[in-house]
Amino acid sequence: KKNNQDKKDQNKQNQDKQDKQDKNKDQNDQNKKDQNKQDQQNQNSQNDKQQQQQPPKPKPNDNKEAMKKKEAERIIAQFADDADSLNKPPKKQDLGMKLHKPEKDW
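Note that this is a predicted model, so its numbers are computed, not measured.

Let's talk about the overall build of the protein chain
Okay, step 1: Along the backbone of the protein chain there are three helices and zero strands.
Okay, step 2: Secondary structure elements of the protein chain, listed N to C terminal, follow the sequence α-α-α.
Okay, step 3: For the protein chain, the residues scored as buried account for 0% of the 106 residues in total.
Okay, step 4: Working note: accessible area of the protein chain is about 11,800 Å², and carbon and sulfur atoms make up 47% of it.

Printed below as a string of structure tokens:
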């Protein structure tokens, strides 16, 4: 009877130890999850702060329109200088020596 009682007590103690270990594991897991959540929240808040500190970027459409206007003005200015030459017929070049006729025409 004593052996049976001792075994029961020992089993009870072992079960209590196992329960405590399981509780500790569960608590550690929960602590890790909580810590991860806190880290993620801190990171998100830091990202939000950085975004607030950055100056607002201009809208991409405005920039494209401005570039189109600048490009158009540049092209107009470039061809405005050449407008006179565009309306005139091309000049014949003086080739001189290149069209030299041979001495004998056989």
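Section: a negative patch on the surface
Okay, step 1: On the surface, a cluster of negative charge is contributed by Asp16, Asp19, Asp22, Asp26 and Asp29.
Okay, step 2: Mapped onto the fold, aspartate 29 is located in helix α1 (residues 2-53).
Okay, step 3: A relative accessible area of 41% places aspartate 29 in the partly exposed class.

Some points on the pattern of salt bridges
Okay, step 1: Under the defined criterion, the tally for this structure stands at one salt bridge.
Okay, step 2: The salt bridge involving arginine 74 is made with glutamate 71; its shortest N-O contact spans 2.6 Å. Of this pair, arginine 74 and glutamate 71 both sit in helix α2 (residues 60-81), three residues apart, which is roughly one turn of that helix.
Okay, step 3: Exposure remark for glutamate 71: the relative accessible area of 37% places this residue in the partly exposed category.

Basis of the calculations
- Residues numbered from 1 in each chain as written.
- Predicted model: local features only at pLDDT ≥ 70, side-chain atom pairs only at ≥ 80, totals over all residues.
- Heavy atoms only, no water.
- Helix = DSSP H or I, 4+ residues; strand = E, 2+ residues; numbered from the N terminus.
- Buried < 20%, exposed > 50% of the residue type's maximum accessible area, 1.4 Å probe, protein only.
- Areas by Shrake-Rupley, 256 points an atom, 1.4 Å probe, with all protein chains shown as cover.
- Patch = residues over 30% accessible without salt bridge, like charges linked within 9 Å, V, L, I, M, F, W, Y side chains within 5 Å.
- Salt bridge = Lys/Arg side-chain N within 4 Å of Asp/Glu carboxyl O.
- Lys, Arg positive; Asp, Glu negative; His and termini not counted.
- Charge placed at Lys NZ, Arg CZ, Asp CG, Glu CD.

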